[in-house]
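Coordinates in review
What follows is each chain in one-letter form.
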Amino acid sequence: MTGAAAGLVLALALSAMPAQVRAAGPAPAGEPAYAVVGDEIPAPLTGQPGDAARGRAIAASRQKGLCLLCHSGPFPEERFQGNLAPDLAGVGARLSEGRLRLRLVDGRRLDPDTIMPSYYRTDGLNRVGAAWRDRTLLTAQEIEDLVAFLATLRN
Amino acid sequence: MTPRQPGRMTARAALAGLAAALPAVACLAQQDGRQDGRLSGSAFMSAETREMQADDAANPGMLSVLDGEALWSRKEGAAGRACADCHSDAATSMRGVAARFPAFDAARNAPVNLDQRINICRAEKQGAAPFAWESPEILALSAYVGLQSRGLPITAGEDPRLAPFIERGRGFYSLRQGQLDLACASCHDDNWGRLLGSSPIPQAHPTGYPIYRLEWQGMGSLQRRLRNCLAGVRAEPFAYGAPEYVELELFLMTRAHGMVMETPAVRP
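Residues numbered from 1 in each chain as written. Chains lettered and ligands numbered in written order. Predicted model: local features only at pLDDT ≥ 70, side-chain atom pairs only at ≥ 80, totals over all residues. Heavy atoms only, no water.

1. A closer look at the pattern of salt bridges
Applying the stated criterion to the full structure yields 27 salt bridges over all chains. Between Asp106(A) and Arg121(A) there is a salt bridge, with its nearest N and O atoms 3.4 Å apart. One end of the pair, Asp106(A), is in helix H5 (residues 97-106); the other, Arg121(A), is in the loop between H5 and helix H6 (140-151), and 15 residues separate them in sequence. Arg121(A) shares its class with Asp106(A); the two are buried. Arg38(B) is the salt-bridge partner of Asp36(B), the closest N and O atoms lying 2.9 Å from each other. (Salt bridge = Lys/Arg side-chain N within 4 Å of Asp/Glu carboxyl O. Helix = DSSP H or I, 4+ residues; strand = E, 2+ residues; numbered from the N terminus. Buried < 20%, exposed > 50% of the residue type's maximum accessible area, 1.4 Å probe, protein only.)

This is the structure in structure tokens:
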């Protein structure tokens, strides 16, 4: 089944399903569903446009985004940036918003071996700590904020 | 840019690459004469921290060793016996012992780590209550026993009865887990030598435990270190002494077979 078809089936099924079985499928329990088309999620996850300034704060945060543990990027004020992953500078010129969104939501659809966490997924994980169980790393709106921010990184 | 994969390169290429970022690494490996590319955590430390570890007068772990030496000859429990009453001089009787733990315990039909072995002696030979996990006493005694292996090669895992436990530890090491969905191997095999935020990722060889960790401002066991990494990936830690930890310790020690013991090590 293609991602798009799966998303559609899920969206239809959700209305009929009891709340506790909703975790299976492309949207985490209680969160908006989404559709994957090719290597993108073309449509925003929420109705409210992303806020690039909030996205930047999430990317830089060591509690929320954790991006700079692995990535470096145009954050001159942040002293400690990782080098496990590509520099985020210019990523908005390299990737469309739809591709950025899929990369953040569930990068393992693009490469099952990637070490980059899926920020909007709760299924298929092992031994998640009690405080984090059944919670996505980021909310749908936070993903949209990050997409809006990353899209501004054009050089 | 595609990230380099030091863990997948030849040891030589990896060392050459690392040497640029961390000058200490290449020369340490040369000193040890090691050819297989395995590096102790101390190879990833700053020069100051390495000097602190190497100088017994500056190494804060030596204070714990001294406490352990005192405990070694203190009479304890209903039996009123000291460790020294059964084992006499630790320099002789405990030489190489920490280097082969966790070891198979026939009565329990499972591996036990050094802390557990010390508490078994307390219960069965001294008639004393066990020391709590991470208590200053258990860390001091294991640091004192550990010191008697300093400079000797790790031999843990040679007993064939340990094989199934080592395999379980290996499985756990390769399991992606936690909310971040990372395996130990994701960092320590595939990305060692790179920076996770500000920290160089070591190869996770448990050569120096118990350690004095500057971040903790105190001593800690290998299990405490493992809890840190599990918490880091937002996975559920186990209770101290859980079989899963002992199996993981055993796997890590077996993976470090032949490497030189450094107890008490200092870590950032």
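2. Topic: the domain arrangement of chain B
Residues and elements named next belong to chain B. Annotation of chain B at the domain level lists domain 1 (5-58 + 154-267) and domain 2 (61-147). Counting residues at the interface gives 24 residues for domain 1, matched by 26 residues for domain 2. Where domain 1 abuts domain 2, roughly 2000 Å² becomes buried across the two surfaces, and 70% of that area is made up of carbon and sulfur atoms. Where domain 1 touches domain 2, the interface holds zero salt bridges. In this structure, the connection of domain 1 to domain 2 is made through five residue pairs in polar contact (both at pLDDT 80 or more). Residue assignment for the side of domain 1 that touches domain 2 shows that the elements contributing at least two residues are strand S6 (218-220), helix H11 (222-232) and helix H12 (243-255). No other element matches the four residues that H12 contributes to the side of domain 1 that touches domain 2. (Domains from an automatic or database assignment. Contact = heavy atoms within 4.5 Å. Buried area = accessible area lost by both parts, 1.4 Å probe. Polar contact = N/O pair within 3.5 Å; in protein donor to acceptor, adjacent residues only side chain to side chain.)

3. Quick notes on the sheet that holds strand S5 (residues 211-213) of chain B
Residue and element names in this part refer to chain B. Strand order in the open sheet made by the three strands is S6-S5-S7, with mixed pairing throughout. At either margin of the open sheet sits one strand with a lone partner, and together these are S6 and strand S7 (265-267). Sheet twist, expressed as the average angle between the axes of neighbouring strands with direction ignored, equals 35 degrees. Where S5 meets S6, three bridges bridge the pair, whose relative direction is antiparallel. In the strand pairing of S6, Ile-211 is matched with Gly-220. (Pairing = 2+ DSSP bridges. Axes fitted to C-alpha atoms, helices over the stretch in contact; angles between N-to-C directions.)

4. A look at the state of the cysteines
All names here are of chain B. Overall, the coordinates contain zero disulfides over all chains when judged by the stated rule. This cysteine, Cys-83, is not joined by any disulfide, and Cys-121 carries the nearest cysteine sulfur, 7.4 Å off. For Cys-83, a relative accessible area of 16% puts it in the buried group. Looking at Cys-86, it has no disulfide partner, and the nearest cysteine sulfur is the one in Cys-121, 7.4 Å off. (Disulfide = S-S within 2.5 Å.)

5. Topic: the packing of aromatic side chains
All names here are of chain B. Tallied over the entire structure, the rule returns nine aromatic pairs over all chains. Seen in terms of ring centroids, Phe-172 and Phe-238 are 5.6 Å apart; in terms of plane orientation they differ by 55 degrees. Their pairing is tilted. One end of the pair, Phe-172, is in helix H9 (residues 163-173); the other, Phe-238, is in the loop between H11 and H12, with 66 residues separating them in the sequence. Relative to Phe-251, the ring of Tyr-173 has its centre 5.2 Å away and its plane inclined at 50 degrees; by these criteria the two rings are tilted. (Phe/Tyr/Trp six-rings, centres within 6.5 Å; stacked < 30°, edge-to-face > 60°.)

6. Quick look at the nonpolar core
Ranked by size, the top nonpolar core spans 55 residues in total, and within it Tyr34(A), Leu45(A), Ile143(A) and Leu150(A) carry the most contacts. Taken together, the elements giving at least two residues each to this core come down to helix H2 (52-60), helix H3 (67-70), H5 and H6 of chain A together with H9, H11 and H12 of chain B. Broken down by element, the residue count for this core peaks at six residues, all from H6(A). (Core = buried A, V, L, I, M, F, W, Y, C linked by side-chain atoms within 4.5 Å.)

7. Quick word on H11(B)
All names here are of chain B. Among all positions of H11, only Leu-222, Gln-223, Leu-226 and Leu-230 are buried. For H11, the angular spread of the buried residues around the axis is 95 degrees, confining them to a single face. Here the buried face of H11 lies against H9, S6 and H12. With a side-chain oxygen positioned 3.2 Å from the backbone nitrogen of Gln-223, the residue opening H11 is Ser-221. Arg-234 lies just past H11 and shows a positive phi near 60 degrees. (Arc of directions from axis to C-beta.)

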